[in-house]
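# Chains, contacts and geometry: an overview
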Amino acid sequence: MVLSDFCRKKIFRFRMFGKFDRSSSMHKRVMVPRDYININDIEDNADSLQRSLEQDITSPPWKLSLPHVLVATIVPFLFGYHLGVVNEPLETISVDLGFHGNTMQEGLVVSTCLAGAFLGSLMSGWIADGIGRRRSFQLCALPMLVGASIWWRVCFWVSTIPASMLALLMAFCVESPQWLYKQGRTEEAEAELEKLVGGLHAKAAMVELSKTDRGDEVDTISLVEMLCGRHGRVVFIGSSLFALQQLSGINAVFYFSATVFRRAGVSSNLANVSVGVANMIGSFIALVLMDKLGRKALLLWSFFGMAVSTVIQVLASSLPASGPLGFYLSTSGMLLFVLMFAVGAGPVPGLLLPEIFPSRIRAKALAFCMSVHWVLNFLVGLLFLRLLEQMGPQLLYSIFGGFCLLAVVFIKRNVLETKGKSLHEIEIALLPQEYS
């Protein structure tokens, strides 16, 4: 009975959206008029799908998509590596360049890289929409290769190895089926989906893509329309999540933890290892709980835990730095901060935003949100040491904790739980009432 109902739903979807003409070449763009439906083809495809579903209604085989996922993981590795690589050699760089002790110039060393990231994020959405996701990844590897070769330290140019791997291996990965479908290249989109999830699930995914397609919408969208039109609310939610992520102060920890720990009498090597282990443990917890608790729950508990950790650091800063209690509270508070960030506030926004952004605006909306991310990241990196020097740790960590609590309230009121929902359902739920 359950199988029969499931099959009927699939048949209904095929009757609603039909199939695309397969007679054209793989490289020819095909857009079937919406008023044309070949009933015989629909019934044949529906019957075929029903028979296939009776044989296999399991999840898509993960082995097909695993190689592509492994190549894609090089991107977040490079992202995280370039964020934290300046942490250890910062003091040595400041000595070599003659501004050791100048907190503003030390912050500028960190922020220079972030300014470049901001400029890149402004163009990324248009590039991704213009040349596709796969070529965009290959293109982004080139500045890493050139920039790393300019620096004189091993920790910078060693990143050329994964960057080269990304550029080469991405040539063997699939192009984004959704981008191909958006370009009208439906045959290629289905072929790429078959490589990722197999033939049966590819057909169901194509039906899902057809549901999110808007034939009455133009292909391009202006920045003003994206921010002030029907999608303004969802872009506001996405950019606010990235803003609160940065205003929590997390990247101050990643950039300057070695400096802060060194002032507390802890070696920089031990500090870096401790922060890395805490980050890794939090990431594994997020991996296990992401689809069990949901995105919203992880975000709420993550920011709340970060707020608690800032309270611990404020208490630690009120105690004598040379005492054991102050030392243990300070280090444990910082490690708890990193751990709780990795549980939700770190990974969830990057996963949630592609889910809540409609395909029409996804690349450009992500580019805008990332530009907000990099601007605030730049300011935190530039000003943290100076603010720590001028305001003291108690007030500064209290401000960070306040932003974490603000994030809890914002998420509770505005963020939609996307676990178990299709992209079409998410898009409808987030549209303003007048567009629903």
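Note that the structure is a prediction, hence the values are computed from the model and not measured.

Let us look at the side chain of serine 248. Within the secondary structure, serine 248 is located in the loop between α14 (232–247) and α15 (250–263). There is a polar contact of 2.6 Å between the side chain of serine 248 and the backbone oxygen of glutamine 245.

With 79% of its residues at a pLDDT of 70 or more, the protein shows a mean pLDDT of 77. Scored below 50 in pLDDT, residues 1–40 makes 57 contacts in the model with residues more than four places away or belonging to other chains. Residue range residues 53–57 is modelled with pLDDT below 50. Its contacts to residues more than four positions away, or to other chains, number nine contacts.

The grouping of Val154, Trp157, Val158, Ile161, Met165, Leu168, Leu169 and Phe172 at the surface amounts to a nonpolar patch, some 800 Å² of accessible area in total. For the nonpolar patch, the secondary-structure elements that each account for two or more residues are α8 (154–157) and α9 (160–169). Among the secondary structure elements, valine 154 is positioned in helix α8.

At a minimum axis separation of 9 Å, α14 and helix α21 (residues 393–414) run at an interaxial angle of 155°. In this view, α14 runs roughly antiparallel relative to α21, as classed from their interaxial angle. The hand of the α14/α21 crossing is left-handed. Contact residues: α14 offers Arg233, Phe236, Ile237, Ser240, Leu241, Leu244 and Leu247, while α21 offers Phe400, Phe403, Leu406, Ala407, Phe410, Ile411 and Asn414.

Cut-offs and rules
- Residues numbered from 1 in each chain as written.
- Predicted model: local features only at pLDDT ≥ 70, side-chain atom pairs only at ≥ 80, totals over all residues.
- Heavy atoms only, no water.
- Helix = DSSP H or I, 4+ residues; strand = E, 2+ residues; numbered from the N terminus.
- Polar contact = N/O pair within 3.5 Å; in protein donor to acceptor, adjacent residues only side chain to side chain.
- pLDDT = per-residue confidence, 0-100.
- Contact = heavy atoms within 4.5 Å.
- Patch = residues over 30% accessible without salt bridge, like charges linked within 9 Å, V, L, I, M, F, W, Y side chains within 5 Å.
- Areas by Shrake-Rupley, 256 points an atom, 1.4 Å probe, with all protein chains shown as cover.
- Salt bridge = Lys/Arg side-chain N within 4 Å of Asp/Glu carboxyl O.
- Axes fitted to C-alpha atoms, helices over the stretch in contact; angles between N-to-C directions.
- Parallel < 35°, antiparallel > 145°, perpendicular 65-115°, else oblique.
- Left-handed = near helix turned anticlockwise from the far one by under 90°.

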